[in-house]
Amino acid sequence: MLPVIAIVGRPNVGKSTLFNRLTASRNAIVDDRPGVTRDRLYGRGKIASKPFLVVDTGGITFESAEFDPKIMEQVDLLLQEANELVFLVDGRDGLHPHDEQLAQKLRKTGVNVTVVVNKSEGRTKQLATADFQSLGLGDPVAVSASRGDGVKQFIESLVSSYKIDEPPIDDTLPRVALVGRPNAGKSTLTNALLGENRVIVSDVPGTTRDSVSVQVESKGQLYIVTDTAGVRRRARVAETIEKFSIIKTLQAIEHCNVAVLLLDAQEGISAQDVTIANMIQGMNRALVIAINKWDGLSRAEKTRIEHAMELKFPFLHNVETLHLSAKFGTAVGNLLPMVKRAYDSTFYEFNTAKLNRVLAKAVEHTAPPLKRGRRIKIKFGHQAGKNPPVVVLHGNQVDSLPKTYLRYLQGVLADAYRLVGITVRLIPRVEENPFEPDSNSRPKQTVKSKARSNARRKMRK
């Protein structure tokens, strides 16, 4: 097992900056305002000679603010799984009363704690760490997370004593992104799938700002599930930090195999939900729709939602829909099997002979339209990729196939192969006709041939 290093401390001391430094990534949101990180964020360390896991946590203030008790609950859960605690403090601000309070709590955990003084660039270690000797947690370490000063040496010394028997990383696990509007219940659904309170749940929209990934098992199959920040209309995105959250949601969709669009049955289906569904399909990702808070609706309200689904999602030809309640666990167990079917569809491998029989029947049933008085002819097709499935169409004038006919072929393929949640990408490729050379390849007229042509035209006159 890889050692787990958790970073704790007050808000805005540089925890997310250090996390990004250790993971050689930009997965944690960094902002000058305190309180940006609220959930646990996991990453794989890449700086030391030995690999390790690093966890970024929300800033602790010991105040009565709304999220502080929830953040402390997250830290308490983290203490049960961390091997090393990095207690990050701000060398510029000096010793803060909340640092002393947190030090008292950490001394009782029994976990190895190292005080790390951040923002120490330009000063000697003695000067940077002098104020923090009184915390009683050993000799502090001076680093600069933004510049990297002292970080590599500190981490290597921290993990050098661990014997790591690391299994090979499985990159084949299905990656699932939970997306939707704020307060639709994505974090509640993540906790329901996981069986524990891993991410913070609140009635306040926008509680989740980072994309938090967890590993979930269902019927012997492992999944990587990413809880993303809620996506709302651009006009309502006032804070810069929320714009970064939306970008991270788009990145989560880009890196997933299957996106689960979570709808709020009590709020109804909005234009933003349709936009997110279009966005997922535009990125060529498999889609599963889950309608949350279903059990609190009357029969008339359920009928209204189903009618709205048909009206607003006519472009979702083969997407499975699940009605569930994340809060009470109703039908939650049916979600990941749906995800697995969509995942299998996105990696489906077509037999070329059968594929061309399906295409021939589709053309026989509904022929392509005419183009300049000539029929567009599809000769054959073959698979050129997966995730999503890609089929190249060969023939005459196939680059002129209208979008409506391509959608017709996509529907035929989805029905023939029972694909769910994914749309086959069709790439038309025109074949050159050797008997119809283009104008660039035609031989140019010589001076004599031009003269003969002119003489013939004069004789006709």
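Above: the structure in question.
Report follows, based on the coordinates. Remember, it's a predicted structure, so these values are computed and weren't measured experimentally. Position labels on residues start from 1 in each chain and follow its written sequence. Residue-level local features of this predicted model are given only where pLDDT is at least 70; pairs of side-chain atoms are given and counted only at 80 or more, and the full residue set underlies all totals for whole chains, interfaces and linings. Derived side-chain values reflect all non-hydrogen atoms in the structure, with water molecules and hydrogen atoms excluded from consideration.

Moving on, we come to the nonpolar core. Throughout this description, the term nonpolar core refers to a set of buried Ala, Val, Leu, Ile, Met, Phe, Trp, Tyr and Cys residues connected via side-chain atoms within 4.5 Å. For every residue, the accessible area (1.4 Å probe, protein chains only) is compared with the maximum for its type, and the residue is labelled buried under 20%, exposed over 50%, or partly exposed between those bounds. Counting 46 residues, the largest nonpolar core has Leu-335 and Leu-393 as its most contacted members. Any two residues whose heavy atoms approach within 4.5 Å at even a single point are treated as in contact. Look past the residues within four positions of Leu-393 in its chain and what remains in contact with it is Leu-359, Ile-378, Phe-380, Gly-381, Val-398, Leu-401, Leu-406, Leu-409, Leu-426, Ile-427, Pro-428 and Arg-429.

Before going further, it helps to examine the packing of helix H11 (residues 352–365) against helix H12 (residues 403–417). To get an axis, a line is fitted to the C-alpha atoms, and for a helix only the part in contact is used. The angle between two axes follows their N-to-C directions and goes from 0 to 180 degrees. Every helix listed is a DSSP run of H or I at least four residues long, and every strand listed is a run of E at least two residues long, numbered separately from the N terminus. In the contact formed by H11 and H12, the axes pass within 10 Å of each other and the chain directions differ by 130 degrees. By the criterion of interaxial angle, the relationship of H11 to H12 is oblique. The two elements H11 and H12 meet at a crossing, and its hand is right-handed. In contact with Lys-354, Leu-355, Val-358, Leu-359, Ala-362, Val-363 and His-365 of H11, H12 contributes Tyr-405, Tyr-408, Leu-409, Val-412, Leu-413, Ala-416 and Tyr-417. When an angle is under 35 degrees it counts as roughly parallel; over 145 it counts as roughly antiparallel; between 65 and 115 it counts as roughly perpendicular; any other value is oblique. Should the near helix be turned anticlockwise from the far one by less than a right angle, the crossing is left-handed, and should it be turned clockwise, the crossing is right-handed.

Within the secondary structure layout, Gly-150 lies in the loop between strand E6 (141–142) and helix H5 (151–159). Using a relative accessible area of 28% as the deciding quantity, one classes Gly-150 as partly exposed. Taking C-alpha positions, Gly-150 is 9.9 Å from Asn-118, a pair spaced 32 residues apart along the chain. Filtering out sequence-adjacent residues up to four positions away, Gly-150 remains in contact with Ala-142 and Val-143.

Pairing is mixed in the open sheet, where three strands are placed in the order E15-E16-E17. Every interior strand has two partners, whereas the edge strands, strand E15 (377–385) and strand E17 (425–430), have only one. On average, adjacent strands in this sheet sit at an angle of 25 degrees to one another, irrespective of strand direction. Between any two strands, at least two bridges found by DSSP are needed for them to pair. One ladder, built from seven bridges, connects E15 with strand E16 (residues 390–396); its direction is antiparallel. Bridge pairing links Phe-380 to His-394 in E16. Across the sheet, H11 touches E15 and E16, and the angle it forms with E15 is around 140 degrees. Lying on the sheet, H12 is in contact with E15, E16 and E17; it crosses E17 at an angle near 125 degrees.

Moving on, we come to the pairing of strand E8 (residues 212–218). Burial along E8 is one-sided: Val-212, Val-214, Val-216 and Ser-218 are buried, and none of Ser-213, Gln-215 and Glu-217, which face the opposite way, are. Hairpin connection between E8 and strand E9 (residues 221–227): a loop of two residues separates the two successive antiparallel strands, and Lys-219 in this loop has a positive phi of roughly 55 degrees.

Bringing the packing of aromatic side chains into the picture now. For Phe, Tyr and Trp, rings pair up if their centres lie within 6.5 Å, where Trp contributes its six-membered ring, and each pair is then called stacked (planes under 30 degrees apart), edge-to-face (over 60) or tilted (otherwise). Taken as a whole and assessed by the stated rule, the structure comprises six aromatic pairs. Note on Phe-313 and Phe-315: the rings are 6.0 Å apart at their centroids and 65 degrees apart in plane angle, and the pair reads as edge-to-face. A relative accessible area of 29% means that Phe-315 is categorised as partly exposed. With 4.6 Å between their ring centres and 75 degrees between their planes, Phe-350 and Tyr-417 make a pair best called edge-to-face.

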